Amino acid sequence: MIGSQNLQFTNASQLNDPFDCHPKLIDYSNVPSSKLHGWIPKKWWIDKEETNALNLRNNTWLCSLSKVNDSLLMWSHYCYSHKSVCIGLDIDKVMESVPPMFGTKNLKPLILDVQYQDIIERPNAYHSAVDKFSYQWKTKAKVWEYEQEVRLVMLSPSPAYAAFTAAQADHPKDEWDWREIHHYMHLKGECFESIYFGVSIDPTEKENIIQYARKKLNPQINLYQMHIDDNAFRLQPEII
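Here is a short report on the structure shown in this document. Note that the structure is a prediction, hence the values are computed from the model and not measured. (Residues numbered from 1 in each chain as written. Predicted model: local features only at pLDDT ≥ 70, side-chain atom pairs only at ≥ 80, totals over all residues. Heavy atoms only, no water.)

**A look at the overall build of the protein chain**
Right, so step 1: A count of helical and extended segments in the protein chain gives seven helices and twelve strands.
Right, so step 2: Considering the protein chain as a whole, with its 240 residues, one finds that 41% of them fall into the buried category.
Right, so step 3: Within the protein chain, residue pairs in contact and separated by at least 24 positions form 78% of the contacts whose partners lie at least 6 positions apart.
Right, so step 4: Accessible surface, the protein chain as shown: approximately 13900 Å² in total, 53% of it carbon and sulfur.
Right, so step 5: Each charge class in the protein chain was averaged separately, 25 positive and 30 negative side chains, and the resulting centres sit 5 Å apart. (Helix = DSSP H or I, 4+ residues; strand = E, 2+ residues; numbered from the N terminus. Buried < 20%, exposed > 50% of the residue type's maximum accessible area, 1.4 Å probe, protein only. Contact = heavy atoms within 4.5 Å. Areas by Shrake-Rupley, 256 points an atom, 1.4 Å probe, with all protein chains shown as cover. Lys, Arg positive; Asp, Glu negative; His and termini not counted. Charge placed at Lys NZ, Arg CZ, Asp CG, Glu CD.)

Here you go:
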């Protein structure tokens, strides 16, 4: 991410939570009579709406960010047990960096704060207060609340920004699943506001990143070393 100066967008069906953006998050069963026009079978309409929701999921790519940089769980899960880094972005500059025609339907990604809840009763898709598209994109179970996720949501990004991993490129074309292909959005160096180094990062790797970030990425970038707090289960950043 630092070396290529980009953000990775992943298809909504390929995230690590199988409930993410799932069509069944919303209830399509309460079809108003005005939709049926007196002759359209109710089941046909429900199937149509759920298929549309599934297609929406399959055609949506997300970039998952967070509001926090000191979560013990995320440092363990996503940063190789505190051996890697946490990258801070200036979201306003990120949005200014969006290249022309990154999306085929929207010019820029939507910015959505994820809402965490235990779903006891699914919202009625036909209720005027329900934005079913936004709800499907930003609703997650409460067990994920510690992530404080912010999402950049892109519907049908341009194929010009798609890229294969090395493993995908080695597969025959008839084995490709287009949903597994990532899309990458280039960022200007000024988008990179800060880098936080994990408690257990390798000193040589840390120094290489520092030199690269200051010389080639953003001379004004803020750099921090995370330390263990002696008095509590928390991390403390110290500016470098």
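**Re unusual backbone geometry**
Right, so step 1: The residue Gln 5 is not glycine, and still its phi comes out positive at about 55 degrees.
Right, so step 2: Examined against the element boundaries, Gln 5 turns out to sit in the segment before β1 (6-11).
Right, so step 3: Despite not being glycine, Ser 156 shows a phi value in the positive range, around 50 degrees.
Right, so step 4: Mapped onto the secondary structure, Ser 156 falls in the loop between β7 (149-155) and β8 (162-163).
Right, so step 5: Exposure remark for Ser 156: the relative accessible area of 14% places this residue in the buried category.

**Structural notes on the pattern of salt bridges**
Right, so step 1: Summed over all chains, the structure comprises 13 salt bridges.
Right, so step 2: Between Lys 140 and Asp 20 there is a salt bridge, with its nearest N and O atoms 2.9 Å apart. With Lys 140 in strand β6 (residues 139-140) and Asp 20 in the loop between β1 and α1 (33-36), the pair connects residues that are 120 residues apart, well separated along the chain. Per residue, the accessibility class of Lys 140 equals that of Asp 20, and both read buried.
Right, so step 3: A salt bridge links Arg 151 to Asp 20; the nearest nitrogen and oxygen atoms lie 2.6 Å apart. Linking Arg 151 in strand β7 with Asp 20 in the loop between β1 and α1, this pair joins segments that are 131 residues apart in sequence.
Right, so step 4: Accessibility expressed as a relative area gives 1% for Arg 151, which makes it buried.
Right, so step 5: Members of the salt-bridge network, linked through shared partners, are Asp 17, Asp 20, Lys 140, Glu 149 and Arg 151. (Salt bridge = Lys/Arg side-chain N within 4 Å of Asp/Glu carboxyl O.)

**A look at helix α7 (residues 203-217)**
Right, so step 1: Across its 15 residues, α7 extends 20 Å between first and last C-alpha, which sits within 8% of the 21 Å expected from 1.5 Å per residue.
Right, so step 2: In the core, the buried residues of α7 are packed alongside β3 (85-89), β10 (192-197) and β11 (222-228).
Right, so step 3: The opening residue of α7, the one whose side-chain oxygen lies 3.1 Å from the backbone nitrogen of Thr 204, is Asp 202. (Expected span 1.5 Å × (residues − 1). Polar contact = N/O pair within 3.5 Å; in protein donor to acceptor, adjacent residues only side chain to side chain.)

**Re the environment of Leu 73**
Right, so step 1: Within the secondary structure, Leu 73 sits in helix α3 (residues 72-78).
Right, so step 2: The sequence separation of Leu 73 and Pro 172 amounts to 99 residues, and the corresponding C-alpha distance is 38 Å.

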